[in-house]
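Structural overview
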Amino acid sequence: MNNDSIFALSSGHGKSGVAVIRISGQDLYDTFTTFVSKTEIKNRCAYFTNLCDTNGDLIDQCLAIYFPAPHSFTGEDVIELHTHGAPAVINKVFEYLSTLGMRMATPGEFSRRAFYNNKMDLADVDGLAALLDAQTDMQRKHALRSMMGFDSKIYNAWRNKMVEISAYAAAILDYSPDDLPANIGDTVRNSAEQLYTEISQALSQYRNARSIRGGINIVLAGQTNVGKSSIFNYMVGTNRAIVSDIAGTTRDVVSSTIDIDGFMVNLSDTAGIRETDDTIESIGIERTKSEIENADIIIHVYTPDSISATNISNNEIIVINKSDTIETQDIPNAIYTSAKSGNGMDTLMNTLRQKIHELFDGSESTVSVNARTKSLLESAQQDLASAINAGENYDIFAEHTRRASDAIGKILGTITASEVMDMTFGQLCLGK
Ligand SMILES: Nc1nc2c(ncn2[C@@H]2O[C@H](COP(=O)(O)OP(=O)(O)O)[C@@H](O)[C@H]2O)c(=O)[nH]1
Ligand SMILES: [Mg+2]
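Cut-offs used in this document
Residues numbered from 1 in each chain as written. Chains lettered and ligands numbered in written order. Predicted model: local features only at pLDDT ≥ 70, side-chain atom pairs only at ≥ 80, totals over all residues. Heavy atoms only, no water. Helix = DSSP H or I, 4+ residues; strand = E, 2+ residues; numbered from the N terminus. Rg over C-alpha atoms; globule rule 2.2 N^0.38 Å. Buried < 20%, exposed > 50% of the residue type's maximum accessible area, 1.4 Å probe, protein only. Contact = heavy atoms within 4.5 Å. Areas by Shrake-Rupley, 256 points an atom, 1.4 Å probe, with all protein chains shown as cover. Pairing = 2+ DSSP bridges. Domains from an automatic or database assignment. Near = heavy atom within 4 Å. Polar contact = N/O pair within 3.5 Å; in protein donor to acceptor, adjacent residues only side chain to side chain. Nonpolar A, V, L, I, M, F, W, Y, C, P; charged D, E, K, R; others polar. Axes fitted to C-alpha atoms, helices over the stretch in contact; angles between N-to-C directions. Phe/Tyr/Trp six-rings, centres within 6.5 Å; stacked < 30°, edge-to-face > 60°. Lys NZ or Arg CZ within 6 Å of the ring centre and 35° of its normal.

**Remarks on the overall build of the chain**
Per the secondary structure count, the chain includes 14 helices and 12 strands. Taking 22 Å as the expected radius of gyration for a compact globule of 432 residues, we find that the chain reaches 29 Å, considerably beyond that expectation. Projected onto its principal axes, the C-alpha positions of the chain cover 85 × 80 × 35 Å. Looking at the 432 residues of the chain, the share that counts as buried comes to 48%. Sequence separation of at least 24 residues holds for 63% of the intrachain contacts in the chain that already meet a minimum separation of 6. Split by element, the accessible area of the chain, about 21100 Å² in all, is 48% carbon and sulfur.

So, in structure tokens, the structure goes:
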């Protein structure tokens, strides 16, 4: 790993009041004293200074803070410059830092250094990446938990247990039972089963974790002309989808992102499903079908005269729209709405809210599984299954539990393959 001095803009791009430029490297004390024109400085204190280039020309008035190693984000010496946010200022500072022999950081390089200096493990880095992407409150909460080491704690506990039972299994082969704890065979097998259950639980939450990270997919489905597009527009709060009494108006899937109780929701309006000779509408109907397959929740829209007896599945909400055209609302478990008058729309929103909580609450009780960690958890799960199946074959048990512990080690980055590292840090932007 290089340990030359690197710099990057850590705040957002574009015009802003203040820009934060971060520098990381070794022995930045002297550099800092030139920035603030002082011989003696206090750590982690903000200095107001006239930052000048090598010719003594003023670049900007800014704040400068020195974080000596190892108490910094990267674990190296870090300097933060809080300058005015103008692109011209930022460019000038970059130019100046380059003349001092520093270079622009590559994306994720700060976090990479933090990782090598044991400031973060890969599960924490995943959390940081998710936090930087967070748009809703629930995404923020989940990501923050991972970033602050909640996931790592669980992974470390699993890994330690696996190493321990692998070692005991190996010991059963080498030592006489008198030298080992009583019933050690049963103890290690029970532990393997317990680990298997916990990992399976985490994996079963993968879909939920993905939905929280990428948005919960909710689809409006039903026959043509029942009012799907009208309801969609009502929920989204704009006239995104075209509403008309001509059947087959909506031919493509129209989607919009909304925030419901901090959950990010991708709401999709679809083409009504019907027999049609229209090629484009047929494509739309095919897309509708795949959209429904991928949906976390389906809002099935009917009209009073088109409702037929249905079995409601757990992820489905039945809506009878155009309730303004009838007198009695007598179908239980259905929500009567009128996209025209707005009647019942709040009931629909509340039901949706409840459904989201019902399906997604509690997914924060286990580790947050992403695409990278999923395959490693699956291989740990398989090895644990093989260990459990090994019965009294303790050499096989020891080998598989050791492999399972390696898989978890890869999640944390304790055991690394370079592609894993590149993938993890590559998801971060410049300046992190
Ligand atoms: N009376 C009445 N008409 C509605 C209601 N919702 C939609 N419509 C009308 O029904 C027709 C079809 O609506 P649209 O939203 O395009 O249905 P979609 O084909 O399911 O997307 C339009 O003429 C709408 O104005 C409603 O609640 N009451
Ligand atoms: Mg429509």
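**Brief notes about the pairing of strand β8 (residues 254–260)**
Here β8 shows a buried face lined by Val254, Ser256, Ile258 and Ile260 and an unburied face lined by Ser255, Thr257 and Asp259. Looking at chain direction, β8 and strand β9 (residues 263–269) are connected through 7 bridges and run antiparallel. Considered in β9, the bridge of isoleucine 260 is made with phenylalanine 263. Hairpin connection, β8 to β9: the antiparallel pair is bridged by 2 residues, and aspartate 261 has positive phi, about 50°.

**A few points about the domain arrangement of the chain**
Taken domain by domain, the chain consists of domain 1 (6–117), domain 2 (124–205 + 367–426) and domain 3 (214–360). The distance between the C-alpha centroids of domain 1 and domain 2 comes to 39 Å.

**Things to note about the site of ligand 1**
Taken together, 19 residues are adjacent to ligand 1, and Asn225, Lys228, Ser229, Ser230 and Asp324 come closest. Within the side chain of asparagine 321, a nitrogen or oxygen atom sits 3.1 Å from a nitrogen atom of ligand 1. Lysine 340 places a polar main-chain atom, nitrogen or oxygen, 3.3 Å from an oxygen atom of ligand 1. Surface burial for ligand 1 is 85%, taken as the share of its 580 Å² of free accessible area covered by protein chains. The residue inventory of the shell around ligand 1, partitioned by class, reads 3 nonpolar, 11 polar and 5 charged.

**Here we look at the sheet that holds strand β4 (residues 58–67)**
The strand order across the open sheet built from 6 strands is β3-β4-β5-β2-β1-β6, with neighbouring strands paired in mixed fashion. Strand pairing shows two members of the sheet lacking a second neighbour, β3 (47–52) and β6 (103–104), which therefore form its edges. Pairing geometry for strand β1 (residues 6–9) and strand β2 (residues 18–25), over 4 bridges, is antiparallel. Bridge assignment links leucine 9 to a residue of β2, and that residue is isoleucine 21. Packing of helix α1 (residues 29–36) onto the sheet brings it into contact with β2, β3, β4 and β5 (77–84), and relative to β3 it is tilted by some 85°.

**A look at the sheet that holds strand β12 (residues 334–336)**
Within the open sheet, the 6 strands sit side by side as β8-β9-β7-β10-β11-β12. Their pairing is mixed. Each edge of the sheet is formed by a strand with only one pairing partner; in this case those strands are β8 and β12. Within this sheet the neighbouring strands show an average axis-to-axis angle of 25°, counted without direction. In this sheet, β12 lies alongside strand β11 (residues 316–320) in parallel orientation, the contact comprising 3 bridges. Pairing of isoleucine 318 across the sheet is with alanine 334, part of β12.

**Considerations on the packing of aromatic side chains**
Applying the stated criterion across every chain, the model contains 8 aromatic pairs. A centroid spacing of 5.6 Å and a plane angle of 35° characterise the contact between phenylalanine 32 and tyrosine 66, whose relative ring orientation is tilted. A residue pair is termed long-range when its members are at least 10 positions apart, and phenylalanine 32 in helix α1 and tyrosine 66 in strand β4 qualify at 34 residues. For the pair phenylalanine 32 and tyrosine 66, a shared accessibility class is recorded, and that class is buried. On the numbers, 6.3 Å between centres and 50° between planes, the contact of phenylalanine 263 with phenylalanine 360 is tilted. Note that phenylalanine 263 is positioned in strand β9 and phenylalanine 360 in helix α11 (residues 345–360), a separation of 97 residues in sequence. This pair shows no difference in class: phenylalanine 263 is buried, exactly as phenylalanine 360 is. A network of ring pairs unites the aromatic residues Tyr29, Phe32, Tyr47 and Tyr66 as a single cluster. The positively charged end of arginine 145 is found above the aromatic ring belonging to phenylalanine 150, 3.9 Å away from the centroid.

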